[in-house]
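# Reading the structure
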Amino acid sequence: MSITGLDGLVQGTAVLERLSDISTWAEGPVWLPDRRAVRWSDIIGNRILEWSWDSGETTVHRSDVEFTNGRILDRDGSVLQCSHGLRRVERERDGAVSSVVDTWNGVRFNSPNDLVVGPDGAIWFTDPDYGLTQPGEGHPGDLEYDDHYVFRFDPASGDLRPVVLDAGQPNGLAFSPGGDVLYVADSSENAVIRAYDVTRGHRCKNFRVFVKPEPGVPDGIRVDKHSNVWTSSDAGVIVYSDRGERLGAIDVPERTANLCWGGPEGRTLFLTATTGLYRIETLTRDAHLAR
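The numbering scheme is per chain: residues are counted from 1 as the chain's sequence reads. Thresholds applied to this predicted model are a pLDDT of at least 70 for local features of residues and 80 or more for the giving and counting of side-chain atom pairs; totals over whole chains, interfaces and linings are not thresholded and use all residues. Computation of side-chain values covers all heavy atoms of the structure but excludes hydrogens and water.

Right, let's get into the overall build of the protein chain. Secondary structure summary: the protein chain contains 1 helix and 27 strands in total. In this description the radius of gyration comes from C-alpha coordinates, and the expected globular size is given by 2.2 Å times residues to the power 0.38. Taken over the C-alpha trace, the protein chain has a radius of gyration of 17 Å; the compact-globule value for 291 residues is 19 Å, and the two agree within 12%. Its C-alpha atoms put the protein chain at 55 × 40 × 35 Å along the principal axes. Type-normalised accessible area, obtained with a 1.4 Å probe on protein chains alone, sets the label of each residue: buried when under 20%, exposed when over 50%, and partly exposed for intermediate values. Burial status across the protein chain gives 57% buried among its 291 residues. All accessibility values rest on the Shrake-Rupley procedure with a 1.4 Å probe; residue burial counts only the protein chains present in the view. Approximately 11500 Å² of the protein chain is accessible, and the part contributed by carbon and sulfur atoms is 45%. The positive count covers Lys and Arg only, the negative count covers Asp and Glu only, and His and the chain ends enter neither. We put the charge of a Lys on NZ, of an Arg on CZ, of an Asp on CG and of a Glu on CD. Charge separation in the protein chain, taken as the distance between the mean sites of 30 positive and 44 negative side-chain charges, equals 5 Å. The helix count covers DSSP runs of H or I at least four residues long, the strand count covers runs of E at least two residues long, and both are numbered beginning at the N terminus.

And the structure:
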C-alpha cells in the first residue's frame, strides 16, 4: 500500500488496514454511530455485513436481502438503502425493512444503486441497470422506462422526478458542502465524474465533466469538508480538488467500489473493495458529517 500526495489530508505514516475479507463483492458502506459499526453489502453473497469498532469482529446482519447495494443514514438515524433485487429504495429501522419508493410513472426502476440525502431531506438516487444485467447482482429483467436516470424523491411531499437524464450508467452520488453542486459517477464506457449546478433545490443545470479518473471506472464518491472529491477506482481511491486537480491517491490491493467516513472522531475512511473492508485514518471528514 502506498499514499501519493494528500498532504494535509492523510498523514504520511497512515496505514491501510484490512478489517474483513469474507465478501464476494463488497459495496455500500455506512457508519452507524449508535452501533459504532460499519454496515455494508456483500452484493453477490446476497447479505449485509457489519464490522464492530469495539470488538473488531465481522457479523452477518441479514441474509437473503435481495441484493442490496448503496446505503446512507437518513436524518432520523434510520438506514436508507438500494435494493437491486426488489428494484427499489428501502428503509431499515429497528430491524424492519420497508419500501420508500419503487415505481415512477407506473413502471419499475431498473436497479437503484447508490443514494444521498440532500440539504432539504430529499432522497437522490441513481438507477443504472447492473441488477438486471450483471450475473449474481439481482434478477434479469427489462428496463421499463428504457433509460438510466438519477431520481429525486421528496418524502415530505411525495414528489418523485428524474433530475439527471444524460448519464450513461449513473452510479455514485455526492453533494458539495453547500449542496449547490451534485457529482455523479458515470460508470458507462465514458467513465467520468459529472458535475451539475443545483438550483431551486432540484434543478440540475450546467453539466460539465468534472474529471475522468485514471485508472479505471469511478464508482462510489464522497466529498470532504474542504470540498475535495474522493472517488473509488480500479487502483484504490483518487482524490481531486473541487477544481478537478488530482491531489493524490491511496493504493488498495483490490478493486475499490465505495467509501465512507466514520469512526468515533469521524475521520476514519472506510473502503469496500472486492472481498474486503478496509480503513485508513485521515485528517478530514465527510462534508455533511462535519456540519
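Time to look at the sheet that holds strand β10 (residues 96-101). As summarised here, the arrangement of the 4 strands in space is β7-β8-β9-β10, forming an open sheet in which the pairing is antiparallel. Unpaired on one side and paired on the other, β7 (68-73) and β10 mark the two borders of the sheet. On average, each strand axis in the sheet is inclined to that of its neighbour by 30°, with strand direction left out of account. Where strand β9 (residues 88-93) lies against β10, 5 bridges are found, and the strand directions are antiparallel. Bridged to Glu92 within β10 is Val97. The pairing criterion is simple: DSSP has to find at least two bridges between the two strands. Lines fitted to C-alpha atoms define the axes here, with helix axes fitted over just the stretch in contact, and angles between the N-to-C directions of these axes take values from 0 to 180 degrees.

Salt bridge, as used here, is a side-chain nitrogen of Lys or Arg placed within 4 Å of a carboxyl oxygen of Asp or Glu. Counted according to the given criterion, the structure contains 21 salt bridges. Glu144 is the partner of Arg108 in a salt bridge, and the nearest nitrogen-oxygen pair spans 2.8 Å. Of the two residues, Arg108 sits in strand β12 (residues 107-108) while Glu144 sits in the loop between α1 (130-133) and β15 (150-153), which places them 36 residues apart along the sequence. For Arg108, a relative accessible area of 40% translates into the label partly exposed. Linking Arg152 and Asp159 is a salt bridge whose minimum nitrogen-to-oxygen distance equals 3.9 Å.

Let us look at the packing of aromatic side chains. Aromatic rings from Phe, Tyr and Trp, taking only the six-membered ring of Trp, are treated as a pair when their centres fall within 6.5 Å; an angle between ring planes under 30 degrees marks them as stacked, one over 60 as edge-to-face, and anything in between as tilted. Applying the stated rule across the entire model yields 19 aromatic pairs. With a centroid separation of 5.9 Å and an interplanar angle of 80°, the aromatic rings of Trp31 and Trp53 are classed as edge-to-face. Here Trp31 is found in strand β3 (residues 26-32), whereas its partner Trp53 is found in the loop between β5 (47-52) and β6 (58-63), with 22 residues between them in sequence. By relative accessible area, which is 9% here, Trp31 ends up buried. Accessibility expressed as a relative area gives 24% for Trp53, which makes it partly exposed. Each ring, one from Tyr145 and one from Phe151, has its centre 5.7 Å from the other, and the planes form 90°; the classification is edge-to-face. We note that Tyr145, like Phe151, is buried. Aromatic ring contacts, followed pair by pair, group Trp104, Phe109, Phe125, Tyr145, Tyr149 and Phe151 into a single cluster. A cation over an aromatic ring shows up here: Arg279 above the ring of Trp53, its NZ or CZ 5.0 Å from the ring centre. Note on criteria: charge over ring means Lys NZ or Arg CZ within 6 Å of the ring centre, with the direction from the centre no more than 35 degrees off the ring normal.

We now examine the side chain of Asp74. Mapped onto the elements of the fold, Asp74 is located in the loop between β7 and β8 (79-83). Judged by relative accessible area, Asp74 falls into the buried class, the value being 14%. In the analysis that follows, any N or O atom pair within 3.5 Å is treated as a polar contact, provided that within protein one partner can donate a hydrogen and the other can accept it, and provided that, for residues neighboring in sequence, both atoms belong to side chains. Separated by 2.8 Å, the side chains of Asp74 and Arg91 make a polar contact. Dropping the residues within four chain positions of it, Asp74 is found in contact with Leu80, Arg91 and Val117. Residue contacts are defined here by distance: any two heavy atoms, one from each residue, within 4.5 Å place the two residues in contact.

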